[in-house]
2 protein chains.
Amino acid sequence: MRIEIVAVGTELLLGQIADTNSAWLGDRLASAGVTSHFHQAVGDNHERITLAFRTALARSDGIIVCGGLGPTQDDITREAIADVMGVELVRDQSIVDLITEFFGSRGRTMSANNLRQADVPVGATLIPQVMGTAPGLICPLGHKVIYAVPGVPHEMAEMFDRGILPDLRERMAEAGEEAVIVSRVLRTWGASESGLAEALQGRIDVLDADDDDADGVPAGSVTLAFLASGIEGIKVRITARAATLAEGTALLDREEKAVREAIEIQLGDIVFGIDDESMEVAVAAELRARGITLGVAESLTGGLIASRLVNVPGASAWFRGGVVAYHEQVKFDLLGVPVGPVVSEAAAVAMAEGVCRATGSDVGLGITGVAGPEDQEGVAPGSVFVGLALPGVATLTSELHLPGDRERVRQYGAISALDLLRRALIELEF
Amino acid sequence: MRIEIVAVGTELLLGQIADTNSAWLGDRLASAGVTSHFHQAVGDNHERITLAFRTALARSDGIIVCGGLGPTQDDITREAIADVMGVELVRDQSIVDLITEFFGSRGRTMSANNLRQADVPVGATLIPQVMGTAPGLICPLGHKVIYAVPGVPHEMAEMFDRGILPDLRERMAEAGEEAVIVSRVLRTWGASESGLAEALQGRIDVLDADDDDADGVPAGSVTLAFLASGIEGIKVRITARAATLAEGTALLDREEKAVREAIEIQLGDIVFGIDDESMEVAVAAELRARGITLGVAESLTGGLIASRLVNVPGASAWFRGGVVAYHEQVKFDLLGVPVGPVVSEAAAVAMAEGVCRATGSDVGLGITGVAGPEDQEGVAPGSVFVGLALPGVATLTSELHLPGDRERVRQYGAISALDLLRRALIELEF
């Protein structure tokens, strides 16, 4: 079953709002084992909406169209569907009554336009509204189908789960397709996309092999993909197709283990999280597990590390606070950095140790460097020094040379410093 | 000139990442007077990418394709373009050299896969990379064109402005589409979209009037639009169409003046910037003009305000630094906040004054509040107190009640605090 998503609305084409519905639907369809090969967005224009529908029907088995079901004159999805189906629109009295009551019960006057939402293409069935006024539609075209839902995200989501998914499952069962697709993302920091691809080439070859006996998994049922995510590192996505959710999850578990081993052997401990787990979530878990607190002293990153850390729910259990020591005098006064060059390893060490004292933390992270575009103290942009003060051992340091503009040097510096902390906590067995 | 945007990547179809590139490009194309009637997203599959290209070429004058230019085996945009053009790919030695040097200069080993990025369809011209390794492509097909750029947003954006937009403008000039469309965005903080629309209804009526004599401007040549931009406020976009850039700019200047007056009269000083000028840039300009320095004490926002400020080039001239006082003990020790409730107006005042002393700044901004989801000290989530210590006057305070989750409360809190500072500097005539 191949479903194409068509998002309707000129505001999408103009970039005035981002199309989050299509991403949500894509995720939901994939989890249900429904394939989606194409998405389209199209403006509020009758001719172009029907062209988008015809294009989609030619290359997919069905369409979910979001948007254009509202009461105003530029909401023309109903008309376009009727046109493609080759049928008339008829006004449905039960919806007229519902809409009239909806306005009446809220004490609002209803403009006549609102009744356009009661127009239904002949042959379509309704997905009743439970939140707003525009019902959804299930419109058969031979063996194919157009589902229409409102563009308001929470109305769309509710109607998809209640009205579309059960209908899709029925169609898939009829067609003998009952597979589930599940995926999991491993998040890494510190390797290049090509380095990861090389480390995992062996796994990819095994998964691609036609010989099912090599690994007991049918060829093509598990796949790996790489997603470069800029300042958040590189993601490795494992996708599995199986007959049931339990089988799919078992395939993911097995492949995750194999991928982690292959990465660990060739690239070390670079996997910091799964799915939505950010670097700060990984750091938080390590700190919380050890019952230790953190303070950060930031020059280069100017508060960026602290602001990422406080976004982890429950941060107050392990995060004490920090000093943004942008001017050198603040480094000297609040952190006890010795007067001298402040873009240096020695300054990073003093910042890390100083912020432990200043905030009363067990662990201190200090970062200084040059964001650019100009040199500072004769040091080139992208040069970064990180200090990490841990109880009972000498303060660790790391010198980095990062690419990019001001903003990227800061972002890379922040995640690199957090990764240093994460790895030190794990490797030093604190 | 009708340009279709085609986003390539299975992760888009699966909803693992939202397609922000298409929205960004849609906005940029609209500002340049380029029409975009359709967007598509397609997965990493040769047959389906070529089908998407052929579909787009049949209904548009050109394509901007984002993504699939990386080094891995599932990056196949180059091959698909060559297929649709009916030409071969040839390896470009100048790109081979650049990629080799890119890895060499970073001391990283280069896998052979990376050289796939040097493959160019015969007849295409290059948009050189300045950030990563994959160049962009301009691929002519008769009178139509395919532009290919990487999917990494900042690389895509940079390449669009530098490589695609000038080429598009040339093609439009050749096609006799020489009307210039220019736009300018006024950025506001503190009003609702409907409030702004009401304040500007008079202007909209004048602009829509068919009677050109009313304002000397042809009807429809200047338009206003409102863009709700969440944590960055509401934007008012003025768009003007004219025969020349000079005429367009004159129309914008005139309309900007009228819009500012209408807003000022009804809503006060809520316009803080133009186009890309963020709130921190506005604050920086006021501080720099007065030659005074700033320190910030953050609890609720955890470093977010400081990290926004340091992203303004030249921040070291006026930003001293700050204290992230997340734990109450840090507020007491480093900022001299009196022991007692720390989510209070009194604490915000003490933080603002304390950070002036601690960092040696002329002006101190303090912010405390509850991000949620739980109450703190009996204070509800979304409650925020801001203190502003200015030389020679009593410390100002502001109490806010902000909507949204943790992240949004922090973001709204940060921009609200900066806006308080901006307005105080202007209104108190410091």
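Computed from a predicted structure; not experimentally measured.

**Topic: the pairing of strand β15 (residues 363-369) of chain B**
All names here are of chain B.
Item 1. Most of β15 sits out of view: seven of its seven residues are buried.
Item 2. Burial along β15 is two-sided: the residues Val363, Leu365, Ile367 and Gly369 and Gly364, Gly366 and Thr368 are all buried.
Item 3. The pairing of β15 with strand β16 (residues 383-389) spans six bridges and is antiparallel. Looking at β16, one finds that Leu365 is bridged to Leu388.

**Some words on the domain arrangement of chain A**
Item 1. Partitioning chain A into domains gives domain 1 (3-174), domain 2 (180-274) and domain 3 (283-427).
Item 2. Domain 1 of chain A and domain 3 of chain A are separated by 51 Å when their C-alpha centres are compared.

**Concerning helix α12 (residues 328-335) of chain B**
Item 1. Every buried residue of α12 of chain B is listed here: Glu328, Val330, Lys331, Leu334 and Leu335 of chain B. Each buried residue of α12 of chain B sits inside an arc of 160° when the element is viewed along its axis, so together they form one side.

**A short note on the sheet that holds strand β2 (residues 38-42) of chain B**
Item 1. Taken in spatial order, the 12 strands make up an open sheet running β6(A)-β7(A)-β8(A)-β3(A)-β1(A)-β2(A)-β2(B)-β1(B)-β3(B)-β8(B)-β7(B)-β6(B), and their pairing is mixed. Two strands bound the open sheet, and with one partner strand each, they are β6 (125-127) of chain A together with β6 (125-127) of chain B. Strand-to-strand, the axes of this sheet are offset by a mean angle of 20°, without reference to chain direction.
Item 2. Bridge analysis of strand β3 (residues 62-66) of chain A against strand β8 (residues 144-149) of chain A gives five bridges, and the strand direction is parallel. Bridge pairing in β8 of chain A links Gly62 of chain A to Val145 of chain A.

**Considering the pairing of strand β2 (residues 38-42) of chain A**
Residues and elements named next belong to chain A.
Item 1. In terms of burial, β2 is a largely internal element, five of the five residues being buried.
Item 2. Burial along β2 is two-sided: the face carrying Phe38, Gln40 and Val42 and the face carrying His39 and Ala41 are both buried.
Item 3. As defined by bridge partners, strand β1 (residues 3-8) adjoins β2 across four bridges and the pair is classed as parallel. Looking at the pairing, Val8 lines up with Val42 of β2.

**A word on the sheet that holds strand β15 (residues 363-369) of chain A**
Working definition: the strands of a sheet are paired by backbone hydrogen bonds and lie parallel or antiparallel to each other.
Item 1. Pairing in this open sheet of 10 strands is mixed, and the strands run β17(A)-β16(A)-β15(A)-β13(A)-β14(A)-β14(B)-β13(B)-β15(B)-β16(B)-β17(B) from one edge to the other. The open sheet has two free edges, formed respectively by β17 (396-401) of chain A together with β17 (396-401) of chain B, since each of these has just one partner strand. The sheet shows a mean angle of 10° between the axes of neighbouring strands, direction not considered.
Item 2. Pairing of strand β13 (residues 294-298) of chain A with strand β14 (residues 319-325) of chain A, which is carried by five bridges, proceeds in the parallel orientation. Counted as the bridge partner of Gly295 of chain A is Gly321 of chain A from β14 of chain A.
Item 3. Strands β13 and β14 of chain A together with β14 (319-325) of chain B of the sheet are contacted by helix α12 (residues 328-335) of chain A, whose axis makes an angle of about 140° with β14 of chain A.

**As for the environment of Ser398 of chain A**
Residues and elements named next belong to chain A.
Item 1. Assignment of secondary structure puts Ser398 in strand β17.
Item 2. C-beta crowding within 10 Å serves as the criterion here: with 17 such atoms nearby, Ser398 is assigned to the partly exposed category.
Item 3. Look past the residues within four positions of Ser398 in its chain and what remains in contact with it is Val386 and Leu420.

**Topic: the packing of helix α10 (residues 279-290) of chain B against helix α14 (residues 406-427) of chain B**
Residue and element names in this part refer to chain B.
Item 1. Put simply, α10 and α14 touch, their axes get as near as 9 Å, and they point 30° apart. For the crossing formed where α10 meets α14, the hand is left-handed. Across the interface between the two elements, Met279, Glu280, Ala282, Val283, Glu286 and Arg290 of α10 pack against Ile415, Leu418, Asp419, Leu421, Arg422, Leu425 and Ile426 of α14.
Item 2. For the contact of α10 with α14, the class distribution of residues is eight nonpolar, no polar and five charged.

Parameters and conventions
- Residues numbered from 1 in each chain as written.
- Chains lettered and ligands numbered in written order.
- Predicted model: local features only at pLDDT ≥ 70, side-chain atom pairs only at ≥ 80, totals over all residues.
- Buried ≥ 20, exposed ≤ 12 C-beta atoms within 10 Å, placed from the backbone.
- Helix = DSSP H or I, 4+ residues; strand = E, 2+ residues; numbered from the N terminus.
- Pairing = 2+ DSSP bridges.
- Domains from an automatic or database assignment.
- Arc of directions from axis to C-beta.
- Axes fitted to C-alpha atoms, helices over the stretch in contact; angles between N-to-C directions.
- Contact = placed C-beta atoms within 7 Å.
- Left-handed = near helix turned anticlockwise from the far one by under 90°.
- Nonpolar A, V, L, I, M, F, W, Y, C, P; charged D, E, K, R; others polar.

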